[in-house]
Amino acid sequence: MQEIRIPRGGVPAPLWQVMNALCDVAVGLSDAVGRGPLAGQLAANIGHNTDGDQQKALDVLADDAFAHAMQGTGVRWYASEERETVNEIDVNGALALAIDPLDGSSNINCNVSIGTIFSIQPALDDGTETFLRDGSHLLASGYFIYGPHTALVVTFGDGVRQYILDRVEGAFVETETTMIPPEASEFAINASNYRHWAKPVRAYIDDCLAGSEGPRGKNFNMRWVASLVAETHRIMCRGGIFLYPGDERKGYENGRLRLVYECAPIAFLVEQAGGKATTGTARVLSQIPTSLHARTPMVFGTADKVDRVSTYHDLPETEVSALFGNRGLFRA
Ligand SMILES: O=P(O)(O)OC[C@H]1O[C@](O)(COP(=O)(O)O)[C@@H](O)[C@@H]1O
Ligand SMILES: [Mg+2]
Ligand SMILES: [Mg+2]
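This structure is a prediction, so every number in the text was calculated from the model and none was measured.

Student: Where do I start with the coordination of the magnesium ion (ligand 2) in this structure?
Tutor: Here the magnesium ion (ligand 2) is held by D100 (OD), D103 (OD) and E262 (OE), and the distances to it run 1.9 to 2.1 Å. The motif formed by the donor residues of the magnesium ion (ligand 2), counted along the single chain, is D-x2-D-x158-E. Separating the magnesium ion (ligand 2) and the magnesium ion (ligand 3) is a distance of 3.7 Å, and D100 donates to both of them. Pair check on accessibility: D100 and D103 agree, each one buried.

Below, the structure is given as structure tokens:
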């Protein structure tokens, strides 16, 4: 019998068991992450997943724990970053779980926040087909962040709820509702890829970097944690924008992030928090994955900032090629 890790109130009844099981595993992961090297070789490289990413011991441990915990929760299909194909957990289950069991694994060994991203939707008879649908089918999505405190941020389609893990009680306690602040001046992008980006992305970032002397007429700050969960949590708390665009590197035509178990869950959450999430030009939740591990460019955060990125994609070639000093259309 599993312990009660999350209050039933506020969680839709058909989802409570799966949410409780997710929280149960998250409590264990939070413990292990908190103990760091004392918990064993969590950051040890143990191979590669089917997407070619380096797998750490904690990636696999988390994946096994979540898959196991789904038994008896109403979940039929389990799709994970760490598994090539969809697994059937319970033929009678009505739900499907997509999960990035451990996000930000490159940060495990340096004590930087990492997390788990998930979404829940109704199960179809075919496992793969279930996940190859647009985001309108999602019943819930969210993330756990294993940071200085462990938090769960989740939507059931009616706004966003936040819970903090009380380590003494071993249970998640609901705190204030989170909405993305409308005003912010931080952007997050892996700037080491600047030379590979398309012109509209370069132009957008050039104008942020130009600060008060550029067309934006104000200064910005930059962040890059290399943990999608940590970037999302910061944006939930204090706004801003995150970009992982496609670029010219081989294999990065659609960026780095995976649509099914990273981008769609975050997009659902961000929209429910009053923000926006696009591919740069189109809504992420309208994208239909072409395969389980398909990638998509991703831009999300404060709504008007995300809208601004898409206007850069509409600018004529002469404007995006121009130095910021000449980019007349955006001068205030
Ligand atoms: O290597 P980069 O370009 O910094 O990419 C970092 C991105 O990759 C990810 O780590 C991918 O997630 P995984 O750790 O689950 O593979 C994101 O969390 C993060 O936003
Ligand atoms: Mg990830
Ligand atoms: Mg991962």
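Read on, since the account is not over.
Student: What is the right way to read the site of ligand 1 from this model?
Tutor: D103, G104, L228, Y244 and R256 are the nearest of the 17 residues found near ligand 1. Y244 places a side-chain nitrogen or oxygen 2.6 Å from an oxygen atom of ligand 1. Here E262 contributes a side-chain N or O atom positioned 3.1 Å from an oxygen atom of ligand 1. Relative to its free-state accessible area of 480 Å², ligand 1 is covered by the protein chains to the extent of 87%.

Student: Help me understand the UniProt feature "domain: Fructose-1-6-bisphosphatase class 1 C-terminal" (unreviewed entry) in the protein in this model?
Tutor: As annotated in UniProt, the feature "domain: Fructose-1-6-bisphosphatase class 1 C-terminal" (unreviewed entry) corresponds to residues 180-313 in the numbering used here. For residues 180-313, helix accounts for 35% and strand for 13%, while the C-alpha atoms at its two ends are 24 Å apart.

Student: How do you make sense of the domain arrangement of the protein when you look at a structure like this?
Tutor: How big an interface is tends to be reported as the loss of accessible area on association of its parts. Domain boundaries in the protein define domain 1 (13-174) and domain 2 (186-330). Averaged C-alpha coordinates put domain 1 and domain 2 at centres separated by 25 Å. Contact with domain 1, which involves 48 residues of that partner, is made by 31 residues of domain 2. For the pair domain 1 and domain 2, the summed buried surface comes to about 2800 Å²; carbon and sulfur atoms form 63% of the total. For R258, the salt bridge identified is with E81, shortest N-O distance 2.9 Å. At the junction of domain 1 and domain 2, the tally comes to 14 residue pairs in polar contact (both at pLDDT 80 or more). Mapped by element, the contributors of at least two residues to the side of domain 1 that touches domain 2 are β3 (75-80), β5 (95-103), β6 (114-122), β7 (140-146), β8 (150-155) and β9 (160-166).

Student: Explain empty space enclosed by the protein to me, please; I cannot follow it from the model alone.
Tutor: Where empty space is left in the structure can be found by rolling a water-sized probe over the atoms. Across all of its chains, the model carries one cavity of 30 Å³ or more by this definition. The space that makes up the largest cavity amounts to roughly 80 Å³. Around the largest cavity sit 13 residues that line it, and F131, R133, L138, V260 and A264 are the ones nearest its centre. Mapped onto the lining of the largest cavity, the elements with two or more residues apiece are β6 and α6 (259-272). Take the lining of the largest cavity: its biggest share by element is three residues, from α6. Classifying every residue of the lining of the largest cavity gives seven nonpolar, four polar and two charged.

Student: Would you explain the packing of aromatic side chains in this entry?
Tutor: Two descriptors summarise a pair of aromatic rings, namely the distance from one centre to the other and the angle between the planes of the rings. All chains considered together, the criterion is met by seven aromatic pairs. Members of the aromatic cluster, joined through ring pairs, are W224, F242, Y244 and F300. Positioned above the aromatic ring of W16 is the side chain of R8, whose terminal nitrogen or guanidinium carbon lies 3.7 Å from the ring centre. The cationic tip of R295 hangs over the ring face of Y252; the distance from NZ or CZ to the ring centre is 5.9 Å.

Student: When you look at the sheet that holds strand β14 (residues 276-278) in this model, what are you seeing that I'm missing?
Tutor: Strand pairs in the sheet, formed through backbone hydrogen bonds, run parallel or antiparallel to each other. If you walk across this open sheet you meet the five strands as β12-β11-β13-β15-β14, and the pairing is mixed. Among the strands making up the open sheet, the edge pair consists of β12 (221-223) and β14. Sheet twist, expressed as the mean angle between neighbouring strand axes with direction ignored, is 15 degrees. In the sheet, strand β11 (residues 186-188) pairs with β12 via three bridges, with the strands oriented parallel. Bridge pairing in β12 links A188 to R223. Running at roughly 25 degrees to strand β15 (residues 298-301), α6 makes contact with β14 and β15 of the sheet. Running over the sheet, helix α7 (residues 303-314) touches β13 (241-244), β14 and β15 and is turned about 150 degrees from β15.

Student: Looking at this model, I keep getting lost on the side chain of E231. Mind explaining?
Tutor: Position of E231 among the secondary structure elements: in helix α5 (residues 228-238). A distance of 2.6 Å separates the side chain of E231 from the backbone nitrogen of V225, its partner in a polar contact.

Thresholds applied
Residues numbered from 1 in each chain as written. Chains lettered and ligands numbered in written order. Predicted model: local features only at pLDDT ≥ 70, side-chain atom pairs only at ≥ 80, totals over all residues. Heavy atoms only, no water. Donors = N, O, S within 2.8 Å, 3.2 Å for Na, K, Ca; no water. Buried < 20%, exposed > 50% of the residue type's maximum accessible area, 1.4 Å probe, protein only. Near = heavy atom within 4 Å. Polar contact = N/O pair within 3.5 Å; in protein donor to acceptor, adjacent residues only side chain to side chain. Areas by Shrake-Rupley, 256 points an atom, 1.4 Å probe, with all protein chains shown as cover. UniProt positions renumbered as here; feature names shortened; annotations may be inferred. Helix = DSSP H or I, 4+ residues; strand = E, 2+ residues; numbered from the N terminus. Domains from an automatic or database assignment. Contact = heavy atoms within 4.5 Å. Buried area = accessible area lost by both parts, 1.4 Å probe. Salt bridge = Lys/Arg side-chain N within 4 Å of Asp/Glu carboxyl O. 1 Å grid on protein atoms, 1.4 Å probe; cavity = no way out; pocket = protein on both sides within 12 Å on 5 of 7 lines; lining within 4 Å. Points joined across faces, edges and corners; volume = space filled by probe spheres on them. Nonpolar A, V, L, I, M, F, W, Y, C, P; charged D, E, K, R; others polar. Phe/Tyr/Trp six-rings, centres within 6.5 Å; stacked < 30°, edge-to-face > 60°. Lys NZ or Arg CZ within 6 Å of the ring centre and 35° of its normal. Pairing = 2+ DSSP bridges. Axes fitted to C-alpha atoms, helices over the stretch in contact; angles between N-to-C directions.

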